[in-house]
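Descriptive analysis of the structure
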Amino acid sequence: MFFLLGGLLLLPLLVGVTLALLRRPAAPLARRVTVATFGLATLCALGLLAYGEREVQLPVTWLPGTGALSLHVGGVGLQAALATALVGLVARALKPEPRQERGALADGLLLIALAGGNVAFLAGHFLGRYVALELVALSVALMPLLQHRDHASRRDAQFVYLLFRIGDAGMLAGILLLLDIGGTLQIEAALQAGASESGSRLVWVVATFLLAVWVKVGACPFDHWLLAGRALPTQTGVWLYAVMMPNLGLYLLYRIAPLLELSAAQHIVLWLSSASALLALARPFWRPEARTAPVYITAALGSLALIAAASGNTALIVWLLLWGTPLRLLLWAMIPAPATPAPRRALFDGWGRVAQAVRDKVEINILERSIIWLAQSVMRAAHFLHQTVEINVLERSTTWMAQTVVGAARFLHQTVEQDRLDAALRLMVRGTWRFSRWLQQRHTGRLRINLTWVALTLVLAIITLVVRGW
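Analysis parameters
- Residues numbered from 1 in each chain as written.
- Predicted model: local features only at pLDDT ≥ 70, side-chain atom pairs only at ≥ 80, totals over all residues.
- Heavy atoms only, no water.
- Helix = DSSP H or I, 4+ residues; strand = E, 2+ residues; numbered from the N terminus.
- Buried < 20%, exposed > 50% of the residue type's maximum accessible area, 1.4 Å probe, protein only.
- Areas by Shrake-Rupley, 256 points an atom, 1.4 Å probe, with all protein chains shown as cover.
- Core = buried A, V, L, I, M, F, W, Y, C linked by side-chain atoms within 4.5 Å.
- Contact = heavy atoms within 4.5 Å.
- Axes fitted to C-alpha atoms, helices over the stretch in contact; angles between N-to-C directions.
- Parallel < 35°, antiparallel > 145°, perpendicular 65-115°, else oblique.
- Nonpolar A, V, L, I, M, F, W, Y, C, P; charged D, E, K, R; others polar.
- Left-handed = near helix turned anticlockwise from the far one by under 90°.
- Expected span 1.5 Å × (residues − 1).

1. A look at the overall build of the protein
Secondary structure summary: the protein contains 16 helices and two strands in total. A buried classification covers 41% of the 470 residues belonging to the protein. Carbon and sulfur atoms make up 70% of the accessible area of the protein, which totals about 25,300 Å².

Printed below as a string of C-alpha cells:
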C-alpha cells in the first residue's frame with residue numbers, strides 16, 4: 001500500500017518539480033512523461049481501492065497537541081482522487097496543445113497540482129490539507145501567467161490568486177475555530193467536536209468553511225476566476241479550472257455538510273445558493289457568448305451542490321463530485337475556448353476600471369503626493385537637525401567644553417599648583433628644618449649632661465679605690 005501511496009502522492013510531485021526545474025526539455029518528451037505520470041497515479045488510486053477505508057498515521061507532528069499527520073485511504077476522498085486523475089489523463093492524452101514552447105513547465109505545474117490535490121483528498125489532518133490546497137491554488141493562479149506572459153494574463157493571475165486567498169482565509173478561520181472547540185486538527189475528531197457545538201460558534205464555523213467552498217466551486221459571485229481558464233489551452237484549462245479546483249471545493253463541502261445541517265444557517269445558505277444558481281443560469285441571457293457558457297454551467301453546478309448541502313442531500317454532492325467531473329470535462333472540451341483574449345479583457349473591464357480609479361486616487365493623489373511631502377519633510381527635518389543639533393548643540397557644546405577644561409586647568413594650576421603646592425612645600429621645608437634644629441639642640445644638651453655624669457662616675461670610682469687601699 002505504501003508503494004501505491006507513493007505513486008499517487010510523491011511521484012507526481014517529484015516529476016512535476018523535475019520538469020519545472022529543467023530549462024528546456026523537449027515538449028513531446030515532457031508531454032509523454034506527464035501522460036505516463038497521470039496514468040501511474042490513476043493505477044495507484046485504483047489499487048488503493050482494494051484496501052478499503054483505513055487511516056494511515058504518519059510519524060510526523062506539525063504542531064504539538066494537534067495530533068499527528070495522517071492519510072485517510074478509501075471512501076469518497078480516494079474516489080474523488082481517482083476521478084480527478086483519470087480525467088486529467090484523458091485531457092492530457094488528447095491532441096497536443098497549440099503552444100509548446102512552455103509546455104514542459106506547464107506540465108510540471110499540472111503534476112504539482114495533481115500531487116497537491118491528491119494530498120488534499122486523502123489528508124486526515126487539517127494542516128496537511130491546508131498546505132496542499134495552497135499548492136494547488138498557486139499552480140492554478142500561475143498557469144495564465146505562464147502561458148501568455150502579457151498584461152492581461154498577469155492581471156488574471158493576480159485576480160485568481162486573490163480570490164483563492166479570500167477562500168483560504170475563510171478555511172483557516174474555520175480550522176482555528178474547530179481547534180478551539182475540539183483541541184485537535186485531526187479532521188474526523190475536529191468535525192465531531194464541531195458537531196457537538198451549537199449556537200453562534202457553529203454558525204461561524206460553517207460560514208467560514210462555506211466561504212472557501214463558494215470560491216473553489218466557482219459559484220456566483222465568485223465565478224469570474226473560471227473565465228481565466230477559458231483563455232488557456234484546452235487541456236490545461238479544462239483540468240485545472242473545470243476539474244481540479246471545483247472537485248476540491250465539492251469534497252470540502254461533502255465533509256462539512258453534516259455541520260451545515262446542524263447549524264442555524266441552513267436556511268440562509270439554501271436561499272443564497274438558490275439565488276446564486278438562478279444568477280448563474282440567467283447570465284447567458286445577457287451574455288450570449290456561447291464560449292462562456294461552460295463557465296456559467298460550472299457555476300450553476302457548484303450552486304446546486306450548495307443547495308444539496310443545505311437540504312441535507314449528501315448523495316447529490318457525491319454525484320456532482322464523481323460524475324460531474326467527466327461532465328465538466330466534456331462541456332469545456334466540446335465548446336472551444338475563445339480564439340482571442342478579447343472576451344477575457346471584456347470580462348475584466350470592470351475590474352480594470354476599478355483598478356484604474358484606485359490607481360488614480362491612491363497611487364497618484366495619495367502615494368506620489370505623500371512621497372513628495374515625505375521627502376520635503378525629511379529635508380526640512382534634516383536641515384533643522386543640522387542647524388539645531390549639529391551647529392547649535394554639538395559645535396557650541398564642544399567649544400564650551402574645551403573652554404571649560406582649559407579654564408579649569410588654568411584655575412587648578414594657579415590655585416593648587418602655585419598657591420597651595422608651592423606654599424605647602426615651603427612650609428614643609430621650614431618645619432623640617434626647625435624640627436631638626438630642635439632635635440639637634442635637644443640631643444646636644446643631653447650628650448653634655450651624660451658626659452658629665454660619666455666623668456663624675458670615674459672620679460667617684462677612683463676615690464673609692466683610694467679609700468679602700470688605705
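And the narrative resumes.
2. What to know about the nonpolar core
By size, the foremost hydrophobic cluster in this structure holds 108 residues, and its most contacted members are Leu8, Phe126, Phe209, Trp239 and Tyr241. For this core, the element with the highest residue contribution is helix α10 (residues 234-262), accounting for 17 residues. With sequence-adjacent residues up to four places away left out, tryptophan 239 is seen in contact with Phe38, Thr84, Val87, Gly88, Leu110, Ala113, Leu114 and Met244.

3. Observations concerning the packing of helix α13 (residues 314-322) against helix α14 (residues 324-334)
Where α13 meets α14, the axes come as close as 4 Å, and the angle between the chain directions of the two elements is 45°. On the basis of their axis angle, the class for α13 and α14 is oblique. The segment α13 lies against α14, with Trp319, Leu320, Leu321 and Leu322 engaging Gly324, Thr325, Pro326 and Arg328. Across the contact of α13 with α14, the residue classes tally to five nonpolar, two polar and one charged.

4. What about the packing of helix α12 (residues 293-311) against α13?
As a packed pair, α12 and α13 sit with axes 7 Å apart at the nearest point and diverge in direction by 155°. As the angle between them shows, α12 and α13 are arranged roughly antiparallel. Between α12 and α13 the crossing geometry is left-handed. Judged by residue contacts, Leu301, Leu304, Ala305, Ala308 and Ala309 of α12 engage Leu316, Ile317 and Leu320 from α13. Of the residues assigned to the contact of α12 with α13, the class counts are eight nonpolar, no polar and no charged.

5. A word on the environment of threonine 314
Within the element layout of this structure, threonine 314 appears in helix α13. Its relative accessible area of 27% is what places threonine 314 among the partly exposed residues. For the pair threonine 314 and proline 258, spaced 56 residues apart in sequence, the C-alpha separation works out to 8.7 Å. Setting aside anything within four residues of it in sequence, one finds threonine 314 in contact with Tyr254, Ala257 and Glu261.

6. Focus: helix α2 (residues 27-49)
Between its terminal C-alpha atoms α2 stretches 33 Å, which fits the 33 Å expected from 23 residues at 1.5 Å a residue. Listing the buried residues of α2 in full gives Ala27, Ala30, Arg31, Thr34, Thr37, Phe38, Gly39, Ala41, Thr42, Cys44, Ala45 and Leu48.

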